[in-house]
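Geometric and topological summary
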Amino acid sequence: MNVWIAIGLTAVGCYAVKLAGLLVPAGALERPVVRKLSALLPVALLAALTAQQTFSTGHELVLDARAAGLAAAGVALLLRAPFLLVVGAAVAVTAAVRALGG
């Protein structure tokens, strides 16, 4: 039964967050600082999530095949490769490093 209570509270919380976003006055969203922050915040959150998923396992910092894949994706991005090629390069390098015992 505790699982259903957690699911119910999560659903209510998600609804409350959505409702709070809809109740923000339009004038508050027109400010230049808010516009700039709303443009940069998703990029910062995605970068933080990528770093956390790449360089940690539980409570430890690690440097393994995932880091090599991320580096390959970074190089592909610097070379202005298409998105699918960036992902493919990251997957191929990660798999190669793991296959070689990394």
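Further up the page is the structure itself.
So, a few notes on the structure that sits alongside this text. (Residues numbered from 1 in each chain as written. Predicted model: local features only at pLDDT ≥ 70, side-chain atom pairs only at ≥ 80, totals over all residues. Heavy atoms only, no water.)

A look at the overall build of the protein chain
Heads up, the rule is: Secondary structure elements are defined from DSSP: runs of H or I of at least 4 residues count as helices, runs of E of at least 2 residues count as strands, and each element is numbered from the N terminus. Here the radius of gyration uses the C-alpha set of atoms, whereas the globule reference equals 2.2 Å times the residue count to the power 0.38.
Within the protein chain, the regular secondary structure consists of 5 helices and 2 strands. In sequence order, the protein chain lays out its α and β elements as α-α-α-β-β-α-α. On C-alpha atoms alone, the protein chain measures out to a radius of gyration of 20 Å, which is more than a quarter above the 13 Å that the 2.2 N^0.38 rule sets for 102 residues. Counting only C-alpha atoms, the protein chain reaches 55 × 45 × 25 Å along its principal axes.

Some thoughts on the side chain of Thr 54
The test is simple: Between buried and exposed lies partly exposed: a residue is buried under 20% and exposed over 50% of the maximum accessible area for its type, with that area taken using a 1.4 Å probe on protein chains only. Counting of polar contacts relies on pairs of N or O atoms within 3.5 Å, with two restrictions inside protein: one atom must be capable of donating a hydrogen and the other of accepting it, and residues adjacent in sequence are counted only when both atoms are side-chain atoms. Residue contacts are defined here by distance: any two heavy atoms, one from each residue, within 4.5 Å place the two residues in contact.
Of note, Thr 54 is situated in helix H3 (residues 32-55). Residue Thr 54 is classed as buried on the basis of its relative accessible area of 9%. Within the local environment of Thr 54, its side chain forms a polar contact with the backbone oxygen of Thr 50, the two atoms lying 2.7 Å apart. Beyond its immediate stretch of four places on either side in the chain, Thr 54 contacts Val 62, Asp 64, Arg 66, Ala 67 and Leu 70.

A short note on the packing of helix H4 (residues 65-78) against helix H5 (residues 83-99)
Let me state the cut-off plainly: Angles here are taken between N-to-C directions and fall from 0 to 180 degrees, while the axes themselves are lines fitted to C-alpha atoms, restricted in helices to the stretch in contact. Should an angle fall under 35 degrees it is taken as roughly parallel, and over 145 as roughly antiparallel, whereas 65 to 115 is taken as roughly perpendicular and any remaining angle as oblique. By definition, any crossing whose near helix is turned counterclockwise from its far helix by less than a right angle is left-handed, and any crossing with a clockwise turn is right-handed.
With their axes 8 Å apart at the nearest point, H4 and H5 run at an angle of 150 degrees to one another. Regarding the angle of H4 to H5, the classification is roughly antiparallel. Along this stretch, H4 crosses H5, giving a crossing that reads as right-handed. Side by side, H4 and H5 meet where Ala 65, Arg 66, Ala 68, Gly 69, Ala 72, Ala 73, Ala 76 and Leu 77 of the first sit next to Val 86, Ala 89, Ala 90, Val 93, Thr 94, Val 97 and Arg 98 of the second.

Describing unusual backbone geometry
Here the phi dihedral of Arg 80 falls at roughly 60 degrees; this positive angle occurs in a residue that is not glycine. Checked against the element boundaries, Arg 80 lands in the loop between H4 and H5. Overall, Arg 80 belongs to the exposed group, its relative accessible area being 76%.

Here's the deal with the side chain of Ser 56
If you trace the backbone, Ser 56 turns up in strand E1 (residues 56-57). In this structure the side chain of Ser 56 is engaged in a polar contact, spanning 2.5 Å, whose partner is the backbone oxygen of Gln 52. Setting aside residues no more than four positions away along its own chain, Ser 56 makes contact with Val 62 and Arg 66.

Considerations on H4
Rule in force here: Given a helix with a known number of residues, its expected span is that number minus one, times 1.5 Å.
For H4, with 14 residues, the first-to-last C-alpha span of 20 Å sits near the 20 Å given by 1.5 Å per residue. When H4 is considered as a whole, its buried residues turn out to be Ala 65, Ala 67, Gly 69, Ala 72, Ala 73 and Ala 76. Elements in contact with the buried residues of H4: H3 and H5.

Quick notes on the packing of H3 against H4
To keep things clear, this is the line we draw: Only Asp, Glu, Lys and Arg are considered charged, only Ala, Val, Leu, Ile, Met, Phe, Trp, Tyr, Cys and Pro nonpolar, and every remaining residue, Gly among them, polar.
For the pair H3 and H4, interaxial distance at closest approach is 8 Å and the crossing angle is 140 degrees. Compared by their axis directions, H3 and H4 come out oblique. Packed against H3, whose contacting residues are Thr 50, Gln 53, Thr 54 and Phe 55, the element H4 presents Arg 66, Ala 67 and Leu 70 at the interface. Here the residues of the contact of H3 with H4 are counted per class, giving 3 nonpolar, 3 polar and 1 charged.

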